[in-house]
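Here is what each chain is made of, one letter per residue.
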Amino acid sequence: MPLLIESTAFEDGGIVPAPYSCFGENRRPGFTFSDAPPATVSYALILHDIDVALDGGTEDGLHWVVWNVPAEAGGIAEDALPPGSVVGRNVENENAYLGPGAPAGPRFHHYVLEVFALDRTIALAATASRAELLAAIEGFVVDKAAYVGRFKRDPGMTQRAPRDSTTVARGLGESLRNGP
Amino acid sequence: MTFRSPALQIAPRAADQFRETLLPSRGPLATVPAATLTARSRTLAIRCPAFEDGGVVPLEYSCFGDNIHPELAFENPPVETASYALILRDIDSALEGHADASAHWVVWNIPAEAGGIAEGVLPAGAVVGRNAAGRNAYLGPSAAPGPRFRHYAFELYALDCTFALPRTLRCSELLAAIHANVLGTALYVGRFRRSPAALRRFELES
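About the cut-offs
Residues numbered from 1 in each chain as written. Chains lettered and ligands numbered in written order. Predicted model: local features only at pLDDT ≥ 70, side-chain atom pairs only at ≥ 80, totals over all residues. Heavy atoms only, no water. Pairing = 2+ DSSP bridges. Helix = DSSP H or I, 4+ residues; strand = E, 2+ residues; numbered from the N terminus. Contact = heavy atoms within 4.5 Å. Axes fitted to C-alpha atoms, helices over the stretch in contact; angles between N-to-C directions. Core = buried A, V, L, I, M, F, W, Y, C linked by side-chain atoms within 4.5 Å. Buried < 20%, exposed > 50% of the residue type's maximum accessible area, 1.4 Å probe, protein only. Phe/Tyr/Trp six-rings, centres within 6.5 Å; stacked < 30°, edge-to-face > 60°. Lys NZ or Arg CZ within 6 Å of the ring centre and 35° of its normal. pLDDT = per-residue confidence, 0-100.

### Some remarks on the sheet that holds strand β4 (residues 61–70) of chain A
Residue and element names in this part refer to chain A. Sheet architecture is open: five strands sit in the order β6-β4-β3-β7-β8, paired in antiparallel fashion. The open sheet has two edge strands, β6 (86–87) and β8 (141–151), and neither has a second partner. One ladder, built from 10 bridges, connects strand β7 (residues 109–118) with β8; its direction is antiparallel. Residue pairing in the sheet places Leu-113 in a bridge with Tyr-147 of β8. Here helix α2 (residues 130–137) sits on the sheet and contacts β3 (42–49), β4, β7 and β8; the angle it forms with β3, its principal contact strand, is near 145°.

### Comments concerning the nonpolar core
Residue and element names in this part refer to chain A. Within the largest apolar cluster, 31 residues are counted, with the highest numbers of intra-cluster contacts made by Tyr-43, Leu-45 and Trp-64. For this core, the secondary-structure elements that each account for two or more residues are β2 (31–34), β3, β4, β7 and β8. Apart from residues lying up to four places away in sequence, Leu-45 is in contact with Phe-33, Trp-64, Val-65, Val-66, Val-69, Ile-76, Leu-113, Glu-114 and Val-115.

### Concerning the packing of aromatic side chains
In this structure the tally under the stated criterion is nine aromatic pairs over all chains. One Lys or Arg, B:Arg191, reaches over the ring of B:Phe149 and ends 4.6 Å from the middle of that ring.

### As for the confidence of the model for chain B
All names here are of chain B. Chain-level pLDDT for chain B is 80 on average; 75% of the residues reach the 70-or-more range. Low pLDDT, under 50, characterises residues 1–38; the stretch is placed with 68 contacts to residues that sit more than four places away or in other chains. For this predicted complex, the interface score ipTM comes out at 0.83, alongside a pTM of 0.82.

What follows is the structure in structure tokens.
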């Protein structure tokens, strides 16, 4: 059986509810990972906006990067990462989750969560780029799955969730506690 | 095996080389103002009556069914649009960095006035390039056995001209060729897995 991602926040292909967007509470959705290969030791997660790449960007919108999620956690709970997890830098150069926040307009953006099952944990500083993470896990990926959420900005969504210290400090705290 | 993301990027160097070798007849690309690369429409959209964005692709459009493409309407294009290019891509496979290996369908020169494509038919003028299977054809969603959905993206590019390009072109080469002429883009995602119905039909016919 291949690695399977499930979420109680929204269904695969469905619309990401406002609280998880950066115009809501910027709340982190929870996911469960099942049927991972027995060799799985940790997971790495990458959440990115693939519509941005279509606009000719060579780096699409990177919203969230996490690694060293322990296999025994079986996923991540809503708004909490299991001990050991390291949060990397997103497109805004913050060690934090950045919820979907498509530009104003009629169109949905498509946010892809990639989950890599790895046969080890990764020794990588929390300042690492996505390219460095992908280089670091190369050869250690035992399975991989994707999960897609859609989001568009409603006309009323004008104010972003405050980029307060909590979100950033939480990610940084996790990374500092758990990084190499 | 490399897992370089993002899925949809073009290696800049390959793109440049490609332009130099294939496109001189279209005029010097160096003269294209940089502004055209950023001022792109955000209103272009795809509408598909057969399934909703993010929904499940019906069996008939898969390679276990009739293997025909769904009807797609292209809405709110930029006014200067002369033609469209369309790519159907397996996102899950594209995430591994294999741009060409993930392309199920590669089409260009869809006339702007067509406003979309009818089910199973392309308008006159449209050209189909090489897909991952090396064929100049549509390859419907196929997905490996198992309970997991794969994700298939229709990528639409509104372009300010038409292109004289060989049918041997693959996905990455097409993207390199059109890069400087993109007025707007849109994305529409369908999911597919081998349902019991898909497997039954496959077994009956094989």
